[in-house]
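# Chains, contacts and geometry: an overview
Each chain, letter by letter, is given below.
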Amino acid sequence: MQTVRLAHRGRIAILTIDNPPVNALSAALRADLARAVGDAVANPAIDAIVIAASGRAFIAGADISEFGKPPVAPILPEVLDVIENAAKPVVAAIHGVALGGGLEVALACHGRVASPGAKLGLPEIKLGLIPGAGGTQRLPRLIGAAKAFPIMLGGEPISAGKALELGLVDEVVSGDLVEAAVTLASGLAAKGAWERTGERAVRLTQVDREAFEAQAMNAAAKSGDLPNVKALIASVRNAFDLDFAQALVAERALFTALVADDRSKALRYVFFAERDVARVPGIGPEVKPRPIESAAVIGAGTMGGGIAMCFANAGIPVTLIETEQAQIDNGMNRVAAIYEMSVTRGSLTPELRDRRMALISGAVGLTAAANADIVVEAAFEEMGVKLQIFGALDGIAKPGAILASNTSYLDIPTIAAVTKRPQDVIGMHFFSPANVMKLLEVVRPAGAAPDAIATAVTLGRTLGKVAVVVGNCFGFVGNRMLAQRTRAAERLLIAGALPHEVDAAVTDFGFKMGPFAMSDLAGNDIGWRTRKALGRKAAVADALCEAGRFGQKTGKGYFLYPEGARTGQRDPEVETLIAHVSAQKGVTRRSFTAEEIVSRLMDPMVNEGARILEEGIAARPGDIDVIWLNGYSWPAWRGGPMYWADAVGLDVIVRRLEAQATETGDVSLQPAPLLRKLVAEGKSFSSLKDAAA
Ligand code: 3HC
């Protein structure tokens, strides 16, 4: 297939990149582009060249799926060399996104015009990489290192307007983009002079260097020893210290080493896993989502308010429903305070705040949900309450409205059964704080209509969430696995570990918080109430709650929080209490290494993940990983629990689980049949990806 189309406007060659869906720089495109530029340069009827693109993006970057495979010539730096050193001027016409290698193509051109909606960025850092086709050299040379470095360090794209202000593009064009590029290219050709970005070093001044070094010091302090940040700093520094050709060679070496790094491999896996979740088994493109133009949220508590904010942020009018006006007022005040905080921080303009607030209205009574296209119930987590609400909603909501419960563990089919429209009843499990957390578990009970699920998935995307469809079961995917970690953490305390040791092992692993600090933050009474409702016990956790140690809100939990401190301190009282529980159970306490702690916490989660896959609750291991990454802050560079298990080796996990099951006598720790099967076949979870999809 030809990925570059050639057309002429007078003496200008227009090369239009056409490599759907997003014009990633595959081997074929690289070859076609280099050839097309070469041909145009050789053609005496051509004075200048425009590189444009069709579809929704200019170029989304290197083809990430090719990373880790043997490189196929021409590699991108070679193509850019052809462009930059062409004997005729080359101008990029940028629409949509120009990311990574895509922006590097534009940087190698001699001029750049962009449409007003274009976004330009070097997001390689998010994949554990640095720009590897001259980005770390050309961008500093074009706009100065102190302006270029933050763009590469943050990885967030900038707008066309900002790019113009920085001198990254020459012109922002509302009308015919290609025509503007043609005009610029002909002008350069007529002048007979154009600049190569690689030769523009005027901005690399001593002042610029000092500003960059200060930023670099800051970045190094914040990111610890992340190899990509280190490499980025080194490479940008090379822009000052080495000549362009040498610096390019050094950049490529740093880039190539990073591509081989496990952290980048995990981040690339995450990139594709997050896109795979959109492929829901049994729901093809023929299933059309229902239009969602208005919403109602039942319950104006922290969760309900946060969910209402998600709708308002996406421009969807939403009614917040409660049983009393005072509760609505409280809820609205809480929402207003959160928006206000964003305004104070500068992340939201007052105008946008007003627009969003205007989209949220409060109402007493369920009848206010009559016109909503979707109703999300975020009321008290008790089946009786839910049944009453859904029973009433059935008589109120308009036909075809999606009726969703935000329950975090209750049975959706039981809720659906009180309505005469079970096909429209689903779970939409948001994570707290709902306006911040990216994860949305869309719970699909057996009776749900495919288009109801498609609607929730599409809506999730509109709300800026990563929506993962999961089957119905107690706790769904995330909380069901979390329960295993919570039980394992309690077991560790009884066996001899202390809360700060467990938390330290988990934060060293890469989580922002350990399980005990997290429980103290959320409130230990939540789990206590659930255990009581289920008739379950956890000796240490229960004893703490009986002593009123609910966590941060009571100033003490697993840790002490004097004077409202947010970081807990060790408490000898808790440690005595734990030792007492161990003694009562006749356990001789022993110490645990950080590695043992991690495996004892994570292996049971992986085991539960395997059961979840066996039962078809999650469609693929990647879906489970995406849930843990976006809902539970699993460190992205470790790829997620199932990816981690593959890296450890499933045979190792199985052996460790067997040992734990024997030691504790807990049969639930016996490896799941799927784990044993994979080990017997010498396979890993990753082998299941295609089978399920
Ligand atoms: N390589 C390979 N495939 C890519 C890709 C890339 N760079 N970018 C997107 N895709 C694929 C996706 O996997 C998806 O495939 P699917 O439909 O089969 O699942 C399809 O293109 C559409 O992607 P999205 O679903 O993400 O579509 P959106 O419209 O939501 O977003 C986007 C488009 C903003 C371009 C987003 O896909 C994106 O951010 N892509 C990655 C950009 C990036 O990181 N580029 C840098 C790559 S590294 C690099 O260039 C190194 C260089 O310096 C040498």
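Residues numbered from 1 in each chain as written. Predicted model: local features only at pLDDT ≥ 70, side-chain atom pairs only at ≥ 80, totals over all residues. Heavy atoms only, no water.

A tally of regular secondary structure across the protein chain gives 29 helices and 17 strands. For the protein chain, the C-alpha radius of gyration of 28 Å lies close to 26 Å, the compact-globule estimate for 693 residues. With the C-alpha coordinates of the protein chain rotated into their principal frame, the extents come out at 90 × 60 × 55 Å. Buried positions account for 53% of the 693 residues belonging to the protein chain. Contacts in the protein chain between residues at least 24 apart in sequence constitute 72% of all its contacts with a sequence separation of at least 6. Distance between charge centres in the protein chain, computed from 72 positive and 74 negative side chains, equals 1 Å. (Helix = DSSP H or I, 4+ residues; strand = E, 2+ residues; numbered from the N terminus. Rg over C-alpha atoms; globule rule 2.2 N^0.38 Å. Buried < 20%, exposed > 50% of the residue type's maximum accessible area, 1.4 Å probe, protein only. Contact = heavy atoms within 4.5 Å. Lys, Arg positive; Asp, Glu negative; His and termini not counted. Charge placed at Lys NZ, Arg CZ, Asp CG, Glu CD.)

On the surface, M513, M518 and L521 cluster together into a nonpolar patch covering about 230 Å² of accessible area. Note on placement: M513 falls in the loop between α19 (499–509) and α20 (515–522). (Patch = residues over 30% accessible without salt bridge, like charges linked within 9 Å, V, L, I, M, F, W, Y side chains within 5 Å. Areas by Shrake-Rupley, 256 points an atom, 1.4 Å probe, with all protein chains shown as cover. Salt bridge = Lys/Arg side-chain N within 4 Å of Asp/Glu carboxyl O.)

When pLDDT is averaged across the protein chain, the result is 96; 99% of the residues are at 70 or more. The complex model carries a pTM of 0.94, and its ipTM stands at 0.99. (pLDDT = per-residue confidence, 0-100.)

Time to look at the sheet that holds strand β1 (residues 4–9). Consider a sheet: its strands pair through backbone hydrogen bonds, and that pairing is either parallel or antiparallel. Across the sheet, 6 strands lie side by side as β1-β2-β3-β4-β6-β9; this open sheet has mixed pairing. For this open sheet the edge positions go to β1 and β9 (171–172), each flanked by a neighbour on one side alone. The pairing of β1 with strand β2 (residues 12–17) spans 6 bridges and is classified as antiparallel. Note that in β2 the partner of A7 across the bridge is I14. (Pairing = 2+ DSSP bridges.)

If you check the shell around the ligand, you find 26 residues, and the closest are A62, G101, E104, E124 and R275. Between the ligand and G101 there is a distance of 2.8 Å, counted from an oxygen atom to a backbone nitrogen or oxygen. Protein burial of the ligand: of its 980 Å² of free accessible surface, 77% is covered by the chains. When residues of the shell around the ligand are traced back to their parent elements, those giving at least two are β5 (97–99), α3 (101–108) and α11 (262–276). Ranked by residues supplied to the shell around the ligand, first place goes to α11 with 3 residues. Residues belonging to the shell around the ligand are distributed by class as follows: 15 nonpolar, 4 polar and 7 charged. (Near = heavy atom within 4 Å. Polar contact = N/O pair within 3.5 Å; in protein donor to acceptor, adjacent residues only side chain to side chain. Nonpolar A, V, L, I, M, F, W, Y, C, P; charged D, E, K, R; others polar.)

Under the UniProt annotation, "domain: 3-hydroxyacyl-CoA dehydrogenase NAD binding" (unreviewed entry) lies at residues 295–472. Annotated as 42% helix and 22% strand, the span residues 295–472 places its first and last C-alpha atoms 23 Å apart. (UniProt positions renumbered as here; feature names shortened; annotations may be inferred.)

The next point concerns the layout of surface pockets. Quantified by volume, the second largest pocket comes out at close to 590 Å³. What lines the second largest pocket is a set of 27 residues, among which D262, K265, A266, Y269 and Y643 lie closest to the centre. Put simply, the parts of the chain that give the lining of the second largest pocket at least two residues each are α11, α25 (621–631) and α26 (641–648). A per-element tally of the lining of the second largest pocket places α11 first, with 9 residues. Here the residues of the lining of the second largest pocket are counted per class, giving 13 nonpolar, 4 polar and 10 charged. Two domains each provide a minimum of three residues to the lining of the second largest pocket, namely domain 1 (4–260) and domain 4 (594–688). (1 Å grid on protein atoms, 1.4 Å probe; cavity = no way out; pocket = protein on both sides within 12 Å on 5 of 7 lines; lining within 4 Å. Points joined across faces, edges and corners; volume = space filled by probe spheres on them. Domains from an automatic or database assignment.)

Under the counting rule described, the total for this entry stands at 43 salt bridges. Here D32 and R35 are joined by a salt bridge, their closest N and O atoms 3.2 Å apart. With D32 and R35 both in helix α1 (residues 27–42) and 3 residues apart, the pair spans about one turn of that helix. Residue classification places D32 among the buried positions, given a relative accessible area of 8%. Take R35: its relative accessible area is 45%, and that puts it in the partly exposed class. Residue R676 pairs with E658 through a salt bridge whose shortest N-O separation is 2.6 Å.

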